[in-house]
Amino acid sequence: EPEVTQTPSHQVTQMGQEVILRCVPISNHLYFYWYRQILGQKVEFLVSFYNNEISEKSEIFDDQFSVERPDGSNFTLKIRSTKLEDSAMYFCASTKGSAESYEQYFGPGTRLTVT
Amino acid sequence: AQSVTQPDIHITVSEGASLELRCNYSYGATPYLFWYVQSPGQGLQLLLKYFSGDTLVQGIKGFEAEFKRSQSSFNLRKPSVHWSDAAEYFCACMEYGNKLVFGAGTILRVKS
């Protein structure tokens, strides 16, 4: 069964450094998302991406964040200058987005630790 | 904006007992509703979904959920819990634009 994959599973970085989190969505899906979950808190929406552009972003997704689909398979989240409060589990998700199939399939997540 | 409330932070049930996890949503139109399960250190796995039609939906692992518009609820149930069901369960609602709004989660503990 096709699945969303994410790399790395765990990333440790120093405050102020740039990080890139990578995701490979399911191949025939059209909509892509990033969510994050700070330890002990609820899963929060960051950004959605469709047709090579951001379709929606949350207040969390400020100028320090960017997303890209550099080729036909990868979907990346970049944090330019990490802060301590960026420490969280980051989930990528994808969906076909059709009327028959709105469910989002999540990857296993990348745990980002900012020290 | 939509919101999802899961009033129970923790629930403990005995193995073999029945389970009901509560979820309430606020949304003006007919919502798309989901239940996800997260095992420790794992990602989110979709258990079941409701888009329209039959208000009782069946999911994987023997779970079901019932959509009750009058109560704005989408409670998750299982008739007999197994120790492997111990995990955190998230209810979610889909907003316009396809983003998911999650509840705070309910941690299920299963005692033998």
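Bear in mind that the values here come from a model prediction, so they are computed numbers and not experimental data. (Residues numbered from 1 in each chain as written. Chains lettered and ligands numbered in written order. Predicted model: local features only at pLDDT ≥ 70, side-chain atom pairs only at ≥ 80, totals over all residues. Heavy atoms only, no water.)

Draft legend 1. Layout of the state of the cysteines. For the coordinates displayed, the defined rule picks out 2 disulfides over all chains. Note that Cys-23 of chain A is cross-linked by a disulfide to Cys-92 of chain A, the S-S spacing being 1.9 Å. Disulfide Cys-23 of chain A to Cys-92 of chain A: torsion about the S-S bond roughly -65 degrees, handedness left-handed. Residue Cys-23 of chain A is located in strand 3 (residues 19-24), and its partner Cys-92 of chain A is located in strand 9 (residues 88-95); the two are separated by 69 residues in the primary sequence. On the basis of relative accessible area, Cys-92 of chain A is assigned to the buried category, the value being 0%. The partner cysteine of Cys-23 of chain B in its disulfide is Cys-91 of chain B, sulfur to sulfur 2.0 Å. What sets the handedness of the Cys-23 of chain B and Cys-91 of chain B disulfide is the S-S torsion sign, and at about -65 degrees it is left-handed. Of this pair, Cys-23 of chain B sits in the loop between strand 3 (19-21) and strand 4 (24-26) while Cys-91 of chain B sits in strand 10 (residues 87-94), and the two are 68 residues apart along the sequence. Across the pair, Cys-91 of chain B and Cys-23 of chain B agree in class, each one buried. Free cysteine Cys-93 of chain B: the closest other cysteine sulfur is in Cys-91 of chain B, separated by 7.6 Å. (Disulfide = S-S within 2.5 Å. Helix = DSSP H or I, 4+ residues; strand = E, 2+ residues; numbered from the N terminus. Buried < 20%, exposed > 50% of the residue type's maximum accessible area, 1.4 Å probe, protein only.)

Draft legend 2. Structural view of the pattern of salt bridges. Residue and element names in this part refer to chain B. What the rule picks out here adds up to 7 salt bridges over all chains. Put simply, Asp-8 and Arg-22 hold a salt bridge, and the shortest N to O gap is 2.9 Å. Residue Asp-8 is found in the loop between strand 1 (3-5) and strand 2 (10-14), and its partner Arg-22 is found in the loop between strand 3 and strand 4; the two are separated by 14 residues along the sequence. Asp-8 gets classed as buried once you look at its relative accessible area, which sits at 17%. Measuring nitrogen to oxygen at the nearest pair gives 3.2 Å for the salt bridge that ties Arg-77 to Glu-66. With Arg-77 in strand 9 (residues 73-78) and Glu-66 in strand 8 (residues 64-68), this residue pair connects regions lying 11 residues apart in the sequence. Residue classification places Glu-66 among the partly exposed residues on the basis of a relative accessible area of 22%. The network of salt bridges with shared partners includes Glu-64, Glu-66 and Arg-77. (Salt bridge = Lys/Arg side-chain N within 4 Å of Asp/Glu carboxyl O.)

Draft legend 3. Main features of the sheet that holds strand 7 (residues 65-68) of chain A. All names here are of chain A. Within the open sheet, the 4 strands sit side by side as 1-3-8-7. Their pairing is antiparallel. Where the open sheet ends on each side, the last strands, each with one partner, are strand 1 (5-7) and strand 7. Direction aside, neighbouring strands of the sheet carry axes that sit 20 degrees apart on average. Relative to strand 3, strand 1 is paired through 3 bridges, and the arrangement is antiparallel. Across the sheet, the residue bridging to Thr-7 is Arg-22, located in strand 3. (Pairing = 2+ DSSP bridges. Axes fitted to C-alpha atoms, helices over the stretch in contact; angles between N-to-C directions.)

Draft legend 4. Local environment of the environment of Arg-22 of chain B. All names here are of chain B. Judged by its relative accessible area of 39%, Arg-22 is partly exposed. Taking the C-alpha atoms as reference, Arg-22 lies 10 Å from Glu-66; in sequence the two are 44 residues apart. In this structure Arg-22 touches Thr-5, Gln-6, Pro-7, Asp-8, Trp-35 and Asn-75, once residues within four positions along its chain are discounted. Engagement of the side chain of Arg-22 in a polar contact is seen with the side chain of Asp-8, the distance being 2.9 Å. (Contact = heavy atoms within 4.5 Å. Polar contact = N/O pair within 3.5 Å; in protein donor to acceptor, adjacent residues only side chain to side chain.)

All we've got here are geometric facts, nothing functional implied.
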